[in-house]
Amino acid sequence: EKGMEFLDEMKGYRAQIATGLNLSMTAYRQRYRDRVSGETADVSLALPPFVIQNIAVCNCSGGWIDGIELAADWLVTPTWRLQLSLTTTRIDLDTALTPVAAADNAVQEKRTPKLYGSLRSQWNLGANQQLDAWLRGSAGYELVNAPFTNRVRVPGYLTLDLRYAYRVNRDLELSITGRNLGGPRRYEYVADYVPSALTEISPAVLLGLRLGF
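Procedures and definitions
Sequence order as written defines the numbering, with residues in each chain counted from 1. Per-residue local features are limited, in this predicted model, to residues with pLDDT of at least 70; the limit for side-chain atom pairs, both in listing and counting, is 80 or more; totals at the level of whole chains, interfaces and linings are taken over all residues. To get the side-chain values, take all heavy atoms of the structure and skip hydrogens and water. Segments assigned H or I by DSSP are reported as helices when at least four residues long, segments assigned E as strands when at least two residues long, and all are numbered from the N terminus. Accessibility here uses a 1.4 Å probe with only protein chains present; expressed as a share of the type maximum, an area under 20% marks a residue as buried, one over 50% as exposed, and anything in between as partly exposed. Two residues form a contact once any of their heavy atoms are found within 4.5 Å. Pairing of aromatic rings covers Phe, Tyr and Trp, the last through its six-membered ring, and needs centres within 6.5 Å; plane angles under 30 degrees mean stacked, over 60 mean edge-to-face, and all others mean tilted. Here, expected helix span is obtained from the residue count minus one, scaled by 1.5 Å. The directions considered for the arc run from the helix axis to the C-beta atoms. A patch is a set of surface residues, each over 30% in relative accessible area and not in a salt bridge, joined within 9 Å for like charges and within 5 Å for the nonpolar side chains Val, Leu, Ile, Met, Phe, Trp and Tyr. Methods summary: accessible areas were calculated by the Shrake-Rupley approach with a probe of 1.4 Å, and residue burial reflects only the protein chains presented. Take a side-chain nitrogen of Lys or Arg and a carboxyl oxygen of Asp or Glu: if they are within 4 Å of each other, that pair is a salt bridge. Contacts described as polar in this section are N or O atom pairs within 3.5 Å, which, within protein, must combine one atom able to donate a hydrogen with one able to accept it, while residues neighboring in sequence count only if both atoms come from side chains.

A few points about the overall build of the protein
Next up, step 1: Scanning the protein for helices and strands turns up one helix and nine strands.
Next up, step 2: By the burial criterion, 27% of the 213 residues in the protein qualify as buried.
Next up, step 3: Put simply, of all contacts in the protein between residues at least 6 apart along the chain, 53% involve residues at least 24 apart.

Here is the structure:
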């Protein structure tokens with residue numbers, strides 16, 4: 001079995017437009033060959049009303065992935081930094097030679113969110129305290145007539161992480177972190193070919209201790 005091969009082309013631009021403010025843009029385009037997919041094999045078992053079909057693994061798919069990434073890094077003050085990023089992605093796979101590979105290509109083209117963004121804040125409140133925030137979101141995706149179901153929808157989301165840290169001394173730091181705050185429970189992935197239970201991501205609070213020696 002061959003390994004997946006790809007060609008990589010990337011163009012970028014970066015500039016410092018003001019003191020403490022940097023902007024960058026990257027456009028990329030990647031060509032994948034010999035991507036692992038599947039093809040229909042002989043029917044192994046027919047047990048009405050069910051039919052168990054063998055699917056053979058093959059390197060019978062390929063295509064293009066391209067996108068644009070925008071980023072900004074702003075040192076607002078000597079103790080406060082903001083970082084913004086936006087990414088858009090498009091997948092365009094080749095026309096497949098087998099029905100199974102064609103179905104797989106159609107799913108993969110749609111199941112990658114088209115847009116993702118984040119905004120991070122790092123703020124040193126003093127010599128011993130730090131407050132970080134991370135706001136991020138994704139556009140989600142929807143599959144119609146997906147394998148084994150008529151519709152699969154992974155909703156977009158907007159969520160927030162917060163972290164407060166206090167450094168007791170050079171070797172000891174205490175922290176409290178809130179993850180996935182400000183929104184309902186969500187799931188970010190749905191298995192299409194092998195149905196499995198959805199894994200929900202829910203808000204959580206973590207206590208941390210970092211000890212150096």
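Some words on the packing of aromatic side chains
Next up, step 1: This structure, assessed with the given rule, holds one aromatic pair.
Next up, step 2: Ring centres of Trp80 and Trp123 lie 6.3 Å apart, and the angle between their planes is 45 degrees; on these two criteria the pair is classed as tilted. In this pair, Trp80 is assigned in strand β4 (residues 80-93) and Trp123 in strand β5 (residues 115-124), connecting sequence segments 43 residues apart.
Next up, step 3: On the basis of relative accessible area, Trp123 is assigned to the partly exposed category, the value being 39%.

Considering the environment of Ser61
Next up, step 1: As for its placement among the helices and strands, Ser61 is situated in strand β3 (residues 50-77).
Next up, step 2: Overall, Ser61 belongs to the buried group, its relative accessible area being 8%.
Next up, step 3: In this structure the C-alpha to C-alpha distance between Ser61 and Thr98, which are 37 residues apart in sequence, comes to 9.7 Å.
Next up, step 4: Discounting chain neighbours no more than four positions away, the residues touching Ser61 are Arg33, Asp34, Arg35, Ser37 and Asn105.

Let's talk about unusual backbone geometry
Next up, step 1: Not every positive phi belongs to a glycine, and Asn180 is a case in point at roughly 55 degrees.
Next up, step 2: Residue placement: Asn180 occurs in strand β8 (residues 172-181).

Overview of helix α1 (residues 99-110)
Next up, step 1: With twelve residues, α1 ought to run about 16 Å at 1.5 Å a step, and its terminal C-alpha atoms sit 17 Å apart, in line with that.
Next up, step 2: Listed in full, the buried residues belonging to α1 are Val100, Ala101, Asp104, Asn105 and Val107. With its buried residues spanning 165 degrees around the axis, α1 presents them on a single face.

As for the environment of Asp34
Next up, step 1: Among the structural elements, Asp34 can be located in strand β2 (residues 21-47).
Next up, step 2: For the pair formed by Asp34 and Gly63, sequence separation is 29 residues and the distance between their alpha carbons is 9.3 Å.

A word on a nonpolar patch on the surface
Next up, step 1: A cluster of nonpolar side chains, contributed by Tyr13, Met25, Ile68, Leu70, Leu84, Leu86, Leu119, Leu135 and Leu158, occupies part of the molecular surface with about 810 Å² of accessible area.
Next up, step 2: Taken together, the elements giving at least two residues each to the nonpolar patch come down to β3 and β4.

Thoughts on the pattern of salt bridges
Next up, step 1: Applying the stated criterion across every chain, the model contains ten salt bridges.
Next up, step 2: A salt bridge links Asp94 to Arg31, with the nearest nitrogen and oxygen atoms 2.8 Å apart. Of this pair, Asp94 sits in the loop between β4 and α1 while Arg31 sits in strand β2, placing them 63 residues apart in sequence.
Next up, step 3: For Asp94, a relative accessible area of 30% corresponds to the partly exposed category.
Next up, step 4: The residue Asp66 makes a salt bridge to Arg90 at a minimum N-O spacing of 2.9 Å. Here Asp66 is found in strand β3, whereas its partner Arg90 is found in strand β4, with 24 residues between them in sequence.
Next up, step 5: The class for Arg90 is partly exposed, based on a relative accessible area of 39%.

Thoughts on the environment of Arg81
Next up, step 1: Looking at the element boundaries, Arg81 is found in strand β4.
Next up, step 2: For Arg81, a relative accessible area of 29% corresponds to the partly exposed category.
Next up, step 3: Sequence separation between Arg81 and Gly20 is 61 residues, and the spatial gap between their C-alpha atoms is 9.1 Å.
Next up, step 4: The contact partners of Arg81, leaving out residues within four places of it in the chain, are Asp73, Trp74, Leu75, Arg120, Ser121 and Gln122.
Next up, step 5: In this structure the side chain of Arg81 is engaged in a polar contact, spanning 2.7 Å, whose partner is the side chain of Asp73.

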